[in-house]
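Structure at a glance
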Amino acid sequence: MASPPQLSTAAIPGSHSSASAGTWPSELGLVLSGHLDVVPVEGQDWTVPPFAATARGSRIYGRGTTDMKGFVACALALAGRLDPSRLERPLWLALSHDEETGCRGVPSMIAGMAARGLRPDLVLVGEATAMQIGLGHKGKMSLTVTCRGEPRHSSEAPLALNALHLAGDFLAGLRRLQDDLAANGPQEAGYSVPCTTLHAGRMSGGTVVNMVPESAEILMEVRPVGAEDIAALAARIRGVAEEAARPHASRFSGPLITVEETGRYPGLSMPADLPALAALRDCLPAGTATCLLSYGTEAGLYAAGLDVPVLVCGPGEIAQAHRPDEFIELSQLAACDRMLDAAALRFCAAT
């Protein structure tokens, strides 16, 4: 056959993310996917420099070592070890930005890949699974809830409308809705929490203690199981807002609580009889388990955008992510190197 091209780096159209490949037929090969951004360190008590790699014993410490620069480093090291002239099918490195803020960096890259007709044999997202194989994860919907009150001197607080109180009533209704989802909503075994979850992560409002707060804001998220009707659930959340505002509607005009969707990405669900799963198992130690992941990844976007097999497998324990003194075990990186070497042979025929 003709000699394959040398490995090169090319931007995928419409994205600041990148992918590495030659010019082989596009319906082949292996995509190794990772994100380059990390979460902040402000307010955390670190004993090592967070943005430097610090080796201590059997671990490397630093922000992102587990989530997920360990995998990215292994993928780049693999590309450096390979002899491009021995590649029969392409190896793609897909590195995205702004994953931590809602997978914002990868959609334009996926669109560019789809426009070029890329249909790889497998997209492997290297999030931390302790080298188990993730077959699925929940999706996510982000919401901003804004509560509008009426300002007044605090000595006459009962005559006004306290936006923080309104927000508190909304949160109470949200907790009741969560209880109902846990008791009566769809369940999916294999997750640490088998039902759809609702989570309020931040509430802010008010200025000084002697003034009735005029506004309050809640940032919240929904992580649905696959069987959840997300549109119907969004309507139920807006119903919670209407219920919280109803007692005040006769005294105060206009919308008192608004619910705005600010982001969404799909979940992932791959079948257990997927041929690519069997192929990836051959690259891992016998008996490697499959799992469902409690956290979200870019894998669901790849599956929806390219309609190809997508699996999640990478080094590190997710329990270490987003924490002070985040670390990864050197043994996990070594295990990832072995998997990627085997995967290059299995999917790209590289020797």
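**Details of the overall build of the protein chain**
- Counting its regular elements, the protein chain contains seven helices and 16 strands.
- Over its C-alpha atoms, taken along the principal directions, the protein chain stretches across nearly 85 × 45 × 40 Å.
- Expressed as a percentage of the 351 residues in the protein chain, the buried residues total 49%.
- Here the analysis covers contacts within the protein chain between residues at least 6 apart in sequence; of these, 81% occur between residues at least 24 apart.
- A total accessible area of about 16200 Å² is found for the protein chain, and carbon and sulfur atoms account for 54% of it.
- Measuring between centres, the 27 positive side-chain charges of the protein chain sit 1 Å from its 37 negative side-chain charges.

**Topic: the packing of aromatic side chains**
- Throughout the structure, instances matching the rule amount to one aromatic pair.
- Plain terms: the ring middles of Tyr61 and Phe327 are 5.5 Å apart, the flat faces sit at 50° to each other, and that makes the pair tilted. Here Tyr61 is found in strand S5 (residues 59-61), whereas its partner Phe327 is found in strand S16 (residues 327-329), with 266 residues between them in sequence. For the pair Tyr61 and Phe327, one class covers both residues: buried.
- The residue whose ring lies beneath Arg56 is Tyr61, and the NZ or CZ to ring-centre distance is 5.8 Å.
- The ring of Tyr191 carries Lys138 above its face, with NZ or CZ at 5.3 Å from the centroid.

**Things to note about the confidence of the model for the protein chain**
- Predicted confidence across the protein chain gives a mean pLDDT of 91, with 92% of residues reaching 70 or more.
- Low pLDDT, under 50, characterises residues 1-26; the stretch is placed with 62 contacts to residues that sit more than four places away or in other chains.

**Looking at the environment of Glu217**
- Within the secondary structure, Glu217 sits in strand S11 (residues 215-223).
- C-alpha separation for the pair Glu217 and Thr146, spaced 71 residues apart in sequence, amounts to 4.6 Å.
- Each residue touching Glu217, except ones within four places of it in the same chain, is listed here: Thr144, Val145, Arg202, Met203 and Ser204.

Cut-offs and rules
- Residues numbered from 1 in each chain as written.
- Predicted model: local features only at pLDDT ≥ 70, side-chain atom pairs only at ≥ 80, totals over all residues.
- Heavy atoms only, no water.
- Helix = DSSP H or I, 4+ residues; strand = E, 2+ residues; numbered from the N terminus.
- Buried < 20%, exposed > 50% of the residue type's maximum accessible area, 1.4 Å probe, protein only.
- Contact = heavy atoms within 4.5 Å.
- Areas by Shrake-Rupley, 256 points an atom, 1.4 Å probe, with all protein chains shown as cover.
- Lys, Arg positive; Asp, Glu negative; His and termini not counted.
- Charge placed at Lys NZ, Arg CZ, Asp CG, Glu CD.
- Phe/Tyr/Trp six-rings, centres within 6.5 Å; stacked < 30°, edge-to-face > 60°.
- Lys NZ or Arg CZ within 6 Å of the ring centre and 35° of its normal.
- pLDDT = per-residue confidence, 0-100.

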